[in-house]
Protein chains: 2
Amino acid sequence: MSDRLSLMDNLIASKTLNQSAYNTFTEPPVLMAAERAATAFDTRSMTHFLDGGAESTAVFEKIMLDFERDPVFNNDNYYDLSKSEVRKLTMQRIARLVPMIINDSEEDSVKRFSILGICDMSTYTRTGVHFGLFFGAIRGSGTTEQFNYWIGQGAGEIKNFFGCFCMTELGHGSNVAALETTAVWDEQTDEFIINTPHVGATKWWIGGAAHSATHTACFARLIVKGKDYGVKIFIVPLRNVADHSLRAGISLGDIGKKMGRDGIDNGWVQFTNVRIPRQFMLMKYAQVDRAGNVTMPVFAQLTYGALIGGRVNMVADSFQVAKRFITIAIRYAAVRRQFAADPKQTKETRILDYTYHQRRLIPLLAYTYAMKAASDELNIMYRSSIKRLEDATKSSNPEKKALAGAIEDVKELFSTSAGCKAFCTWATADIIDETRQSCGGHGYSGYNGFGQAYNDWVVQCTWEGDNNILTLSAGRALIQSCLSHRRGKPIGDAVKYLQNSDSLKTATVGDRALDSESVLREAWQVVASNIINAATDKFTELTTVQGLSLDQAMEEISQQRFLAAKIHTRQHLIRSFFDRIKNYPYKTDGDNSIREHLANLAKLFALWSIEQDTGLFLHAGYLTPAQIDSVGTHVTHLCKSVRDQAIGLTDAFNLSDYFINAPIGNYDGNVYKHYYEKVNRANPAIDSKPEYYESTMKPFLQRGEEECVDLSELE
Amino acid sequence: MSDRLSLMDNLIASKTLNQSAYNTFTEPPVLMAAERAATAFDTRSMTHFLDGGAESTAVFEKIMLDFERDPVFNNDNYYDLSKSEVRKLTMQRIARLVPMIINDSEEDSVKRFSILGICDMSTYTRTGVHFGLFFGAIRGSGTTEQFNYWIGQGAGEIKNFFGCFCMTELGHGSNVAALETTAVWDEQTDEFIINTPHVGATKWWIGGAAHSATHTACFARLIVKGKDYGVKIFIVPLRNVADHSLRAGISLGDIGKKMGRDGIDNGWVQFTNVRIPRQFMLMKYAQVDRAGNVTMPVFAQLTYGALIGGRVNMVADSFQVAKRFITIAIRYAAVRRQFAADPKQTKETRILDYTYHQRRLIPLLAYTYAMKAASDELNIMYRSSIKRLEDATKSSNPEKKALAGAIEDVKELFSTSAGCKAFCTWATADIIDETRQSCGGHGYSGYNGFGQAYNDWVVQCTWEGDNNILTLSAGRALIQSCLSHRRGKPIGDAVKYLQNSDSLKTATVGDRALDSESVLREAWQVVASNIINAATDKFTELTTVQGLSLDQAMEEISQQRFLAAKIHTRQHLIRSFFDRIKNYPYKTDGDNSIREHLANLAKLFALWSIEQDTGLFLHAGYLTPAQIDSVGTHVTHLCKSVRDQAIGLTDAFNLSDYFINAPIGNYDGNVYKHYYEKVNRANPAIDSKPEYYESTMKPFLQRGEEECVDLSELE
């Protein structure tokens, strides 16, 4: 009885297992070694597969050692730090990190951040605000002269300089175009006057503002001669470099406690008629000259393509963080015994051997692998789109066809990255949460890292494009692609399957094997295509028959747009996982040993995904009710089969105990020993009395009766 | 374009809204007042409906004032407290709380805890460990003499006494029957020797052990004359009452940082041959006499019925906490503007007016109302079962038929409460999470309470029966009920619909209205019945055709059991919500004004629930694909319609700003002002430099070049 669970049920049973047969404290590492020995593929080859080759693994391992060996990155007491302690530590780490980054190639620096995101999301972001957002803005939107000027000020290496990014305001986050801070050009002095018109326009959530920043990239409305040209970016000094004192007109403060990432000094900033030289407006695209002539960019839609890199990185982050927690949960489940599946057993069952526990964890392992494939594919797409865009816009009078092609690429990148960012960051939040629950009470301990990571992680679902809004946007793009296809126009690779809408509409699995790759690819194209076409039909009906405006119609079908983007993105992950397995350059026997296990993961991911949304497949008539039942059976069997390789498949993530930073997830499986020792190291048992015993506890526990009024003298 | 979202998209648009038309800082309270004025029902009547009548509302309001007025319960700086600060504060609050509880009736004390759970989950639990777990164990499992003895020691009022509950061990949580701590009877001294055999058997997670407890209810294996009688409960003194020093043989420590509820001093305890008098074993059921004769109870399965109260309370807690966060999110959404749904608008759209935002929040409002109905029904069921059980077991030779009836009642209570506990605690975790996301970045601020509450809340999904294990157990009970029905035996009220399995199997909605109460009740019975019957068929096949043992077969169909319990429980919530609306004693015009709005909520909840699991309804053939689409349309329309009453429906929860404790959710809707002020109150802007500027930042920012080796002298 696998779930003899409740206090009552158990006490009723008063079941006596033969406890002498094993010992909860000494047995686990033995079990773990045996599990590991049963790995039927070359773990190292799997690591190379995940990393993208042996050379890449070598880089990752070098970077991991950089952190692991540095005492400033020691994480043994990380979970007990107060907000002020972690903020200071974060700055100490930035001082160690910056020289590493400066020496990295651009590619290696992306790898370094992705590794840093596993062990310290605060340092990741606090540094990333400067290099990614502030410096990225200068690089993306500044002229070459401006770029060189700010490099000269130290912006390239955080020296006498720390940049932050004043975009969001108290009253405006997602809708950047409606920001209320103003930048009014003063013709006489040739300056911009930056001003916060009212408290609701206070810059808010500004990472680095409270403690670190000397300068900011401020988003403000460009107003010249009374005309509002919309939001542009202005570099505004906040503090004097010499002594970190505030500059005139700058008010700022600390926004204090957050759900997570307390190492980042998020703050608020108000500008009170702060004057900056005209030349501090970033002028790669829009320009203002000395006479107050404003030139608006011809190719405005190409301006900010570089900023999409953040989203692309967040898909990679999703994989990095998910792999840590699925590793912890699977290792723990492999050695944790609880209950006996069969009353005749002398030992309790290991929880990873329970059907239901497998179904909770193993599909999430598959999901984690799938995210890696999607992330790499997105990264390639990103690099090629940006390259094509840069090539097409090199000249001031670009060739039209090249430009149109580049724009199509970027559009597709926007919508694909939006869907992947939203659903991968959500998936990782779910994975942290579900893996925590799968570790029972010990998942709730601060020292096993789940709580901290969840709190640090979930902001990824909100910032750089709120997931819901991104998804709705991706859904709109899908409908637009469908309309384009119907009008005979070309559509991007990611939605090429819409060209087969008609045949997909009537497809059924028939008597083909449910778990064949071709069926699974097709199944997801069928439901994605159906949903997108149905939403497009509805959109067309609303705009033509019912006379709604395009915007009104898009608003009306929000739910359908959301669903379309969700299913398209799942289809995308499944397809890219299968593609990755097919196209990887297998070279050695070790490489060949991983194929079968990867195929199992990909099939499991696709089938389990069907199980999450059976209604779509029945609605499409692609699967019959009996086939839906059969999908469930396949999932159960695949979970059982992958379970036997689960330790190897998590070992392949190649995380040392430093990055795991959770004693119940350590490599050697000695979970209780490490956990017990960690808790006692963090909380030395010196005194049985709390420090408030005399002041608070004793007067309460040893209290007398409440004082009563004695009325006898009043008689 | 409701989702002109990304940085890029927006900058591309450079859309200029007429910002002078409103002001993010001053407009919100005006909007909120207008929303409130549009309430079309009597809010006070709705509060009475929720509270269960005007008298009950009066009690709740008195209790709320007790907390709100007490300076020790001031929560203004609650989110910034360190672990050690919150632990001390929690003890201070316990000293204020205990006299209140002692003066409460039992019913009022349940209400008091349920209110306390909204504003301070740590104090709730740290006190509840004593009164609910420790004291509950003595009351439930001690003899009358034992009960009186411990009352005499101060256990009834936490005086010279603080009890904790040493049940779980490092290696054993859910499987209480396999705990490894031993209680060996010493014939010579007539004592029990309590011992922790190895580190894995260390008592772990023990709330109150680290700082507070003087005594514990220790779960240990009763061993008499070499025979193991299974786990029983022993009262073991831990600390000397006079000076709180540890008693001989007791080792204990602090388990330190947790994901949440840091106000509770959870600890670990090891017993090294600790001797206690034989009479300290709780002997209401199992007994050991001076000669070492052990009497095991005849009605063991009735022993621990009282402990189920914890689960029943957790369903009520789910409602209490959910109502706080759905209120915050809806109030914020009613005044927050972002983007313009129509480009011609002069003002941005309030986010509660977006179709998709309504679909995110309004069904969760309906869910919250549904949980209240289910919670109250469960509470009634609990009280009547316990009463019946007590009546049936009053005599030492109880009447068989009365006993059998009582046992059936308790069984049904176990399984219903298991499902409700699991799915309501999960629902509330989801509600906190989704409402946080719906508030965008401001949801991530520590001062709006989401993070703290999520961290404090989610342990409810793990303790007192892990939700997954409870669900599997509830699923097993459903299959057993189905088997009973097939064998012609009586089954409980909650599963009475299984008697119509055959007709439900072939039912279809036909041309009846999809949103009629009778259809919605039937629809959920159809899918629940189908799933339970299918699982039962599979179980029977496995045990008869395939020859599996009962345990093996139950293990094999874990997934089906989980699904059965999930769907049955959803059906149960929907049914109890409709019942509550039908059976409430509407008395006044105000009372009558709420009916229509309650009906909308119930229908929305049922229809939205169908939308979450469309596959089941298509699989059953109850709905056609076209009808599934129509369900979606109904949900959208109901969301729009309930949206107009959403402020009234959340006001009816009757929470003051003290309990809301989130400036963006304050009653007056003045979200930005309260939020801005709260952040600045908590983080006064005194100095622009962090305290680590001189030590850490300045040396880094103003660093020179890295020292280079000058090799010239070596030439």
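In the nomenclature of an unreviewed UniProt entry, chain A corresponds to Acyl-coenzyme A oxidase from the organism Nadsonia fulvescens var. elongata DSM 6958. For chain A, the Cofactor (unreviewed entry) comment in UniProt is given as "FAD". Of the comments in the UniProt record for chain A, the one headed Pathway (unreviewed entry) reads "Lipid metabolism; peroxisomal fatty acid beta-oxidation."

**Considering the overall build of chain A**
On a plain count of helices and strands, chain A comes out with 25 helices and eleven strands. The C-alpha atoms of chain A give 29 Å as radius of gyration, which agrees with the globular expectation for 715 residues (27 Å, within 12%). The long-range fraction of contacts in chain A, counting pairs at least 24 apart against all pairs at least 6 apart in sequence, stands at 75%. Here chain A displays about 25300 Å² of accessible surface, and carbon together with sulfur accounts for 52% of that area. The centroid of the 77 positive side-chain charges in chain A is displaced by 5 Å from the centroid of its 83 negative side-chain charges.

**Topic: the nonpolar core**
Counting 357 residues, the largest nonpolar core has F67, L365 and Y369 of chain A together with F67, L365 and Y369 of chain B as its most contacted members. Setting aside its immediate chain neighbours within four residues, F67 of chain B contacts F73, L97, M100, R112, I115, L116, Y658 and F659 of chain B.

**Some remarks on the UniProt feature "binding site: FAD" (unreviewed entry) in chain A**
Residue and element names in this part refer to chain A. Residues given the UniProt feature "binding site: FAD" (unreviewed entry) here are T168 and G207. In summary, the annotated positions, though distributed over 40 residues, converge in three dimensions, the widest C-alpha pair being only 10.6 Å. Note on placement: T168 falls in the loop between β1 (163-166) and β2 (182-186). Of the residues examined, T168 reaches a relative accessible area of 22% and is grouped as partly exposed. There is a polar contact of 2.7 Å between the side chain of T168 and the backbone oxygen of W204. You can see G207 is positioned in the loop between β4 (203-206) and β5 (215-224). Once residues lying within four places of it in the same chain are set aside, the contact partners of G207 are V129, C164, I264, D265 and N266.

**With respect to the domain arrangement of chain A**
Residues and elements named next belong to chain A. Along its sequence, chain A is organised into domain 1 (51-138), domain 2 (163-301) and domain 3 (305-652). Taken over C-alpha atoms, the centre of domain 2 sits 37 Å from the centre of domain 3. Residue-level contacts link six residues of domain 2 with 13 residues of domain 3. Here domain 2 is connected to domain 3 by zero salt bridges. At the boundary of domain 2 with domain 3, the tally comes to one residue pair in polar contact (both at pLDDT 80 or more).

**Looking at helix α4 (residues 54-69) of chain B**
Residues and elements named next belong to chain B. Over its 16 residues, α4 runs 22 Å from end to end, which matches the ideal 22 Å to within 8%, given 1.5 Å per residue. Considered for burial, the residues of α4 that qualify are S56, T57, F60, I63, M64 and F67. Buried residues in α4, looked at end-on, bunch into an arc of 130 degrees, giving them a common side. Across α4 from its buried face, at more than 90 degrees, point the exposed residues E55 and R69. Contacts from the buried residues of α4 go to α3 (43-51), α5 (83-103), α6 (106-119), α9 (309-335) and α23 (657-660).

**Re the sheet that holds strand β7 (residues 250-254) of chain A**
The three strands are arranged β4-β8-β7 (chain A) in an open sheet whose pairing can be described as antiparallel. Edge positions in the sheet fall to β4 and β7 of chain A, since each of these pairs with one other strand and no more. Sheet twist, expressed as the mean angle between neighbouring strand axes with direction ignored, is 20 degrees. Sitting on the sheet, helix α24 (residues 671-682) of chain B is in contact with β4, β7 and β8 (267-271) of chain A, with an inclination near 55 degrees to β4 of chain A.

**Here's the deal with the relation of the copies chain B and chain A**
Once chain B has been moved 0.0 Å along the axis and rotated by 180 degrees, it coincides with chain A to within an RMSD of 0.0 Å. Expressed as an axis order, the relation between the two copies is that of a two-fold axis. In terms of proximity to the rotation axis, the leading residue of chain B is G615 of chain B, whose C-alpha is 1.7 Å off the axis.

**Re the interface of chain B and chain A**
Facing the 174 residues of chain B at the interface are 172 residues of chain A. Between chain B and chain A lies a buried interface of about 14400 Å² when both sides are counted; carbon and sulfur atoms form 58% of it. Where K83 of chain B meets D80 of chain A, a salt bridge forms, and the shortest distance between an N and an O atom there is 3.8 Å. Across the chain B-chain A interface, the total number found is 69 residue pairs in polar contact (both at pLDDT 80 or more). For the side of chain B that touches chain A, the per-class residue count stands at 73 nonpolar, 56 polar and 45 charged.

**Thoughts on unusual backbone geometry**
All names here are of chain B. Even without a glycine there, the phi angle at I158 is positive, about 50 degrees. Structurally, the position occupied by I158 is in the loop between α8 (144-152) and β1 (163-166). For E464, which is not a glycine, the phi torsion comes out positive at approximately 50 degrees. Within the secondary structure, E464 sits in the loop between α12 (450-457) and α13 (467-486). For E464, a relative accessible area of 36% translates into the label partly exposed.

**Overview of the pattern of salt bridges**
Throughout the structure, instances matching the rule amount to 89 salt bridges over all chains. Between R221 of chain A and D228 of chain A there is a salt bridge, with the nearest N and O atoms lying 2.7 Å from each other. With a relative accessible area of 4%, R221 of chain A lands in the buried category. Where K566 of chain B meets D613 of chain B, a salt bridge forms, and the shortest distance between an N and an O atom there is 3.6 Å. Of this pair, K566 of chain B sits in helix α17 (residues 558-583) while D613 of chain B sits in the loop between α19 (595-612) and α20 (614-619); the two residues are 47 residues apart in sequence, bridging distant segments of the chain. Given a relative accessible area of 29%, K566 of chain B falls into the partly exposed group. By sharing partners, the salt bridges in this structure join E377, E517, R521, R575 and D579 of chain A into a single network.

**Here's the deal with helix α6 (residues 106-119) of chain A**
Residues and elements named next belong to chain A. With 14 residues, α6 ought to run about 20 Å at 1.5 Å a step, and its terminal C-alpha atoms sit 21 Å apart, in line with that. In terms of burial, α6 is a largely internal element, ten of the 14 residues being buried. Where the residues of α6 are buried, they touch α4 (54-69), α5 (83-103), α7 (121-141), α9 (309-335) and α23 (657-660).

**Some remarks on the UniProt feature "domain: Acyl-CoA oxidase/dehydrogenase middle" (unreviewed entry) in chain A**
What UniProt calls "domain: Acyl-CoA oxidase/dehydrogenase middle" (unreviewed entry) maps, in this numbering, to residues 164-274 of chain A. In residues 164-274 of chain A, helix accounts for 0% and strand for 44%; the two terminal C-alpha atoms are 17 Å from one another.

**A word on the sheet that holds strand β7 (residues 250-254) of chain B**
Where strands meet in a sheet, backbone hydrogen bonds hold them as pairs that are either parallel or antiparallel. Residue and element names in this part refer to chain B. A sheet is described by the order of its strands in space; here three strands give the open sequence β4-β8-β7, paired in antiparallel fashion. Of all the strands in the sheet, just β4 (203-206) and β7 have a single pairing partner and so form its edges. Mean inter-strand twist for the sheet, computed between neighbouring axes without regard to direction, equals 20 degrees. Two strands pair when backbone bridges link them, and β7 and strand β8 (residues 267-271) are joined in this way by five bridges, in the antiparallel orientation. Pairing of S251 across the sheet is with Q270, part of β8.

**Brief notes about the packing of helix α10 (residues 355-392) of chain A against helix α11 (residues 400-438) of chain A**
Residue and element names in this part refer to chain A. Relative to each other, α10 and α11 sit at 155 degrees, their axes nearing to 8 Å. As judged from the angle between their axes, α10 and α11 are roughly antiparallel. You can see that α10 and α11 cross each other, and the crossing is left-handed. Residue composition of the contact of α10 with α11, grouped by class: 19 nonpolar, ten polar and five charged.

**Focus: the packing of aromatic side chains**
Given two aromatic rings, one states the distance between the centres and the angle between the planes to describe the pair. On inspection of all chains with the given rule, the structure shows 57 aromatic pairs over all chains. Plain terms: the ring middles of W204 of chain A and Y676 of chain B are 6.0 Å apart, the flat faces sit at 40 degrees to each other, and that makes the pair tilted. Taken together, the positions of W204 of chain A in strand β4 and Y676 of chain B in helix α24 put the pair across two chains. Between F113 of chain B and Y124 of chain B, the ring centres sit 5.6 Å apart and the planes meet at 85 degrees, which makes this aromatic pair edge-to-face. You can see F113 of chain B sitting in helix α6 and its partner Y124 of chain B sitting in helix α7 (residues 121-141), a full eleven residues away along the chain.

What counts, and where the lines are drawn
Residues numbered from 1 in each chain as written. Chains lettered and ligands numbered in written order. Predicted model: local features only at pLDDT ≥ 70, side-chain atom pairs only at ≥ 80, totals over all residues. Heavy atoms only, no water. UniProt positions renumbered as here; feature names shortened; annotations may be inferred. Helix = DSSP H or I, 4+ residues; strand = E, 2+ residues; numbered from the N terminus. Rg over C-alpha atoms; globule rule 2.2 N^0.38 Å. Contact = heavy atoms within 4.5 Å. Areas by Shrake-Rupley, 256 points an atom, 1.4 Å probe, with all protein chains shown as cover. Lys, Arg positive; Asp, Glu negative; His and termini not counted. Charge placed at Lys NZ, Arg CZ, Asp CG, Glu CD. Core = buried A, V, L, I, M, F, W, Y, C linked by side-chain atoms within 4.5 Å. Buried < 20%, exposed > 50% of the residue type's maximum accessible area, 1.4 Å probe, protein only. Polar contact = N/O pair within 3.5 Å; in protein donor to acceptor, adjacent residues only side chain to side chain. Domains from an automatic or database assignment. Salt bridge = Lys/Arg side-chain N within 4 Å of Asp/Glu carboxyl O. Expected span 1.5 Å × (residues − 1). Arc of directions from axis to C-beta. Pairing = 2+ DSSP bridges. Axes fitted to C-alpha atoms, helices over the stretch in contact; angles between N-to-C directions. Least-squares fit on C-alpha atoms with pLDDT ≥ 70 in both. Buried area = accessible area lost by both parts, 1.4 Å probe. Nonpolar A, V, L, I, M, F, W, Y, C, P; charged D, E, K, R; others polar. Parallel < 35°, antiparallel > 145°, perpendicular 65-115°, else oblique. Left-handed = near helix turned anticlockwise from the far one by under 90°. Phe/Tyr/Trp six-rings, centres within 6.5 Å; stacked < 30°, edge-to-face > 60°.

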